[in-house]
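# Architecture at a glance
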Amino acid sequence: MSRRRRRAESVIEEQAYLPILLQGSSEYQQNYGGELEKEIPRDHTLESVLHRANIEKAWKRVRSNKGGAGVDGMKVDDFSAFFHENWEKIALKLREGRYRPSPVRQCQIPKGNGEFRTLGIPTVLDRVIQQAIAQVIGPSYDSKFSDSSHGYRPQRSAQGAMKQLLNFANARGTKCMVVDCDLKQFFDTVDHQLMMQKLRQNITDASLLGLIKRYLKAGAITSKGELIASPEGMPQGGPLSPLLANILLDDLDKELHRRGHQHVRYADDFIILCNSKRAGERILESITNYLATKLRLTVNTTKSKVISLKEASYLGFRIYRRKIRWTERAKQNLKDKVRLLTNRSRGVSITQVYSELRNTLRGYLNYFMIGVTFREVRELDHWLRRRMRLLYWKQWKQPRTRRRNLLKLGVDRERVKLASRSRKGPWRICNVEVVRYAMTNQWLADKGLVSLTDQWVKARYKS
């Protein structure tokens, strides 16, 4: 046994009275966190999954991701105490094959086009176990995945997928065509038998295979409290599902490479490049047959199409004049979200509005950074400030209240009348010089409104 391993195990024994899972201090992580992380076994067995350091690492990941409660109603913040009291019994059930995963909590997430995406939220305990499984089997699978696969993989992203697509497209010239292929309800139609067959090619531990199969068969609880069986598919929302999706669709990547096609895939969304519409139609027909016969998946014929590169949108981006840009739909989705957050009838405090805005804007800008120009960011900043002035204006409501607040903000008494008793609509009045002079850019920033321009500049020009 190596010296490093003996040291790690001695640390675990010394801390036996207080499970490692509950050790959250920065000092503890600095002293022991990295040491234990290196000791996680990588062989595909249930014992590797249940290894103490692996479970701790899984819990850290689930805790950082937060997320909602499952069907048991337990929140992430309540899990540590539950784990401390029950983990030994749960681990014993897992080893003996008696553990039964809870059904996922089903919820509908709007896609923005009138359709809904069905998510399945596992309990916190099941998320930890699934994450632990993914950490053990994931690295060996990931090393064999195609370079064209970008979804839910370490050091890969949607932005990386777009950069690869741009490189492929630029090499082909202006007449580049693409096959935009959409799989119909992929996560709901995965064949369990085929999925398990794929896993058995690399995993020999029957206990681990049985646990994964039970997760596939766990079922779901609808919003009405009805239990739905899951003879096929896998819940989109658990830590294990993205890895299983990549394992299944890796065959598609390799088949496309074998045929000599350039393609980019992010989870179940993939796009194939070609030189003509006729060639693209042949590719689409051939790949549709392959997916149906080999992977038992269905291509959505109404959404899949062969189009020119300039007409295509992928992952919220498009390629325009050999550059990556975000789509108008993505920009509109951001504005719709901001309108919702700054709606006066929501009944939340201004402080909460600023907090939610900050998180939303940070997330959007981080994702779409490579496709947003400086000019667009400045226009969005102007629009955001106008939205916040509108929110304050509507909250002040009565002319006398507006007059009193404008005076407090330093507006001249004679000029106050131009705004407080104006017949212009709220949106128009919020762009009038008097109102902008009162609620200045700096005043809004002091209240908590973030500057997209500053974030954009810092991200693009890091020192």
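Residues numbered from 1 in each chain as written. Predicted model: local features only at pLDDT ≥ 70, side-chain atom pairs only at ≥ 80, totals over all residues. Heavy atoms only, no water.

### Some details on unusual backbone geometry
Rules: The helix and strand labels rest on DSSP assignments: H or I over at least four residues marks a helix, E over at least two residues marks a strand, and numbering proceeds from the N terminus. For the exposure calls, accessible area comes from a 1.4 Å probe over protein chains only, and a residue counts as buried if that area is under 20% of its type's maximum, exposed if over 50%, partly exposed in between.
For Gln 185, which is not glycine, the phi dihedral falls at a positive 45 degrees. Along the polypeptide, Gln 185 turns up in the loop between strand E3 (177-182) and helix H8 (186-189). Exposure remark for Gln 185: the relative accessible area of 52% places this residue in the exposed category. Phi is positive for Leu 315, close to 60 degrees, though the residue is something other than glycine. With respect to the secondary-structure elements, Leu 315 resides in the loop between strand E8 (305-308) and strand E9 (317-320).

### A look at the side chain of His 150
Which entries qualify depends on this criterion: Under the rule applied, a polar contact is a pair of N or O atoms within 3.5 Å (in protein, one hydrogen donor and one hydrogen acceptor; residues adjacent in sequence only if both atoms are side-chain atoms). Should any heavy atoms of two residues lie within 4.5 Å, those residues are considered in contact.
Inspection of the secondary structure assignment puts His 150 in the loop between helix H6 (124-142) and helix H7 (158-172). Of the residues examined, His 150 reaches a relative accessible area of 6% and is grouped as buried. Side-chain polar atoms of His 150 contact the side chain of Gln 164, separated by 2.8 Å. Among residues more than four places away in sequence, those in contact with His 150 are Arg 156, Ser 157, Gly 160, Ala 161, Gln 164, Val 264, Arg 265 and Tyr 266.

### Side note on the environment of Gly 151
Assignment of secondary structure puts Gly 151 in the loop between H6 and H7. For the pair formed by Gly 151 and Trp 326, sequence separation is 175 residues and the distance between their alpha carbons is 18 Å.

### Side note on the environment of Met 196
Mapped onto the fold, Met 196 is located in helix H9 (residues 192-200). Sequence separation between Met 196 and Met 162 is 34 residues; the distance between their C-alpha atoms is 32 Å. The residues contacting Met 196, other than those within four sequence positions of it, are Leu 209, Lys 213 and Leu 216.

### Brief notes about helix H14 (residues 350-368)
One full turn of an α-helix is made of 3.6 residues, so residues set three or four places apart face in the same direction. Just so we agree on the cut-off: Helices are assigned an expected span. That span is 1.5 Å times one less than the residue count. Within this analysis, the arc is defined by the directions that extend from the helix axis to the C-beta atoms.
Helix length check: H14 (19 residues) gives 27 Å between terminal C-alpha atoms against 27 Å at 1.5 Å per residue, within 8%. Among all positions in H14, only Ile 350, Val 353, Tyr 354, Leu 357, Thr 360, Leu 361, Leu 365 and Phe 368 are buried. One side of H14 holds all its buried residues, which, seen down the axis, span an arc of 140 degrees. With respect to the buried face of H14, the exposed residues turned more than 90 degrees away are Thr 351 and Asn 366. The elements touched by buried residues of H14 are E9, strand E10 (323-326), helix H13 (328-341), helix H15 (374-396), helix H20 (441-447) and helix H21 (452-460).

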